[in-house]
Amino acid sequence: MRAIGYRQPGSPEVLEEFELPEPTPGPRDLLVSVHAVSVNPVDTKIRAARPAAFERHVLGYDAAGIVEAVGAEVVNFSVGDRVFYAGDITRQGTNCERHLVDERIVGPMPTALSFEEAAALPLTVITAWELLFDSLGVSSAGESEGVLLITGAAGGVGSALVQIARALTHMTVVGTASRPETKDWAKSMGAHHVIDHHASIVAQLKDLSLVPSFVASLTASDQHMPSIVDVIAPRGRIALIDDPKAIDILSMKPKSLALCWEFMFARPMFDTHDMASQHQLLSTVSQLVDSGAVKSTATQFAGALTVEGLQMAHLQQETGRVIGKTVFKGLGANN
């Protein structure tokens, strides 16, 4: 079986194509012919610094494809089903012809999308959903009000979060972006307001007469945190997805703020009792896509997956200037 990955961490040049044995499904596994994949920041972070967990470590944490075989205890899917998912960081990734994934973290692929369009969504919509409803504690879909501030609203997670918040809550959504094209993108995703995170966030929110109770800090959290603490309402909640080197949590005490991280791989990593919630949320997102409430965030269709193409996509990710998602036709698309 063809796959792309690395043997030792390093620059994008460490990526190579190699052959792996054909995978065999475990009891709850689906064997998926991978028809499309997308690239996320986590791919580049693991490739750059994490020693290979396998002799030949396959990257890729988004996929859309067709079920080829199922394990003995699978209940949600059958051979021939079209699925999309973000995988498990403790297992081999999706940059391969055929991939094993636990059915509890898989959703039915939206019928309105191509494989490439669908592959842009899973990791970011899972992150956005869990951040909004689990980490930030938004009480229930369709009922929450107030103001949600999203820093870095034009990235993959930001794009998904804006859409989910607009589709399932009554909150006023304020996104941050700095370039004309990223501001336009955040607005196209549905943000009520877009402000510049290179200018004063405090002053801009004051001009809008908005006080957020919820903040999704998606990028440069160490830089933005003083402003976030300044503008957020007392007893507000802040959720992060990036890796700031240091945060002054004592500054949050006077307002009695709550701070937490969102990491969408936590449930499959630790086989939590509620791991199947990812299947359920992906099923709901699939319905939202088919109803027109959420759209794919694919912005760059990079053709068939190759080592050279993946290296270029990793370099683009590392600039921090990618809008939406880069997608490839998967190695299993022609099987």
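For every chain, the first residue of the written sequence is number 1, and numbering continues from 1 along that sequence. Where totals are concerned, whole chains, interfaces and linings use all residues; where local detail is concerned, this predicted model gives features only for residues with pLDDT of at least 70, and gives and counts side-chain atom pairs only at 80 or more. Remark: hydrogens and water are excluded; side-chain values derive from all non-hydrogen atoms of the structure.

Student: Report on the side chain of Ser135, specifying residues and quantitative values.
Tutor: Each helix is a run of H or I in the DSSP string that is no shorter than four residues. Each strand is a run of E no shorter than two, and both are numbered from the N terminus. The topology assignment puts Ser135 in helix H3 (residues 122-135). A relative accessible area of 8% places Ser135 in the buried class. Contacts between residues were defined by any pair of non-hydrogen atoms, one from each residue, lying within 4.5 Å. When sequence neighbours within four positions are dropped, the list of residues in contact with Ser135 reads Glu130, Arg237, Ala239, Cys260, Trp261 and Glu262. Note on exposure labels: buried denotes an accessible area under 20% of the residue type's maximum, exposed denotes more than 50%, and partly exposed covers the range between, all computed with a 1.4 Å probe on protein chains only.

Student: Explain H3 to me, using residue names and the numbers behind them.
Tutor: Of all 14 residues in H3, 13 are buried; the element is thus mostly enclosed. Note on H3: the residue one or two positions beyond its end, Gly137, has a positive phi of about 70 degrees.

Student: With reference to specific residues and values, describe the side chain of Arg179.
Tutor: Relative to the helices and strands, Arg179 is located in the loop between strand E10 (172-176) and helix H5 (180-189). A relative accessible area of 17% places Arg179 in the buried class. Of note is the side chain of Arg179, whose polar atom sits 3.1 Å from the backbone oxygen of Arg321. Among all residues touching Arg179, those that are not within four sequence positions of it are Arg321 and Ile323. Any pair of nitrogen or oxygen atoms within 3.5 Å is treated as a polar contact; in protein, a donor-acceptor pairing is required on top of that, and neighbouring residues in sequence qualify only through side-chain atoms on both sides.

Student: An account of the pairing of strand E6 (residues 82-85) is needed here, citing residue identities and associated values.
Tutor: Pairing of strand E5 (residues 63-70) with E6, which is carried by four bridges, proceeds in the antiparallel orientation. From the neighbouring strand, Ala64 faces E6, where its bridge partner is Phe84. Across three bridges, the pairing between E6 and strand E8 (residues 106-108) is antiparallel. The partner of Tyr85 across the bridge, within E8, is Val106. Strand pairing is defined by DSSP finding a minimum of two bridges between the two strands.

Student: Can you explain the sheet that holds strand E9 (residues 147-151)? Please cite residues and give values.
Tutor: Judged by pairing direction, the sheet is parallel, and its six strands sit side by side in the order E11-E10-E9-E12-E13-E14 without closing on themselves. Edge positions in the sheet fall to strand E11 (193-195) and strand E14 (258-261), since each has one partner strand and no second. For this sheet, the mean inter-axis angle between neighbouring strands, taken without regard to orientation, is 20 degrees. Here E9 runs beside E10; their pairing, made up of four bridges, is parallel. Counterpart to Val147 in the pairing with E10 is Thr172. Only the contacting stretch of a helix is used when fitting its axis, a line to C-alpha atoms as for every element, and angles between N-to-C directions run 0 to 180 degrees. Set on the sheet, H3 makes contact with E9, strand E12 (214-217), strand E13 (237-240) and E14; between it and E13 the angle comes to about 150 degrees.

Student: Explain the pattern of salt bridges to me, and be specific about the residues and the numbers.
Tutor: Should a side-chain nitrogen of Lys or Arg be within 4 Å of a carboxyl oxygen of Asp or Glu, the pair is scored as a salt bridge. Tallied over the entire structure, the rule returns 14 salt bridges. A salt bridge links Glu17 to Arg2, with the shortest nitrogen-to-oxygen separation between them at 3.0 Å. Taken together, the residues Glu17 in strand E2 (residues 16-19) and Arg2 in strand E1 (residues 2-6) connect sequence positions 15 residues apart. Among the ionic pairs, Glu130 bridges to Arg267, the shortest N-O distance being 2.8 Å. Linking Glu130 in helix H3 with Arg267 in helix H8 (residues 266-270), this pair joins segments that are 137 residues apart in sequence. The exposure classification of Glu130 matches that of Arg267, with both residues buried. The network of salt bridges with shared partners includes Glu130, Asp134, Arg267 and Asp274.

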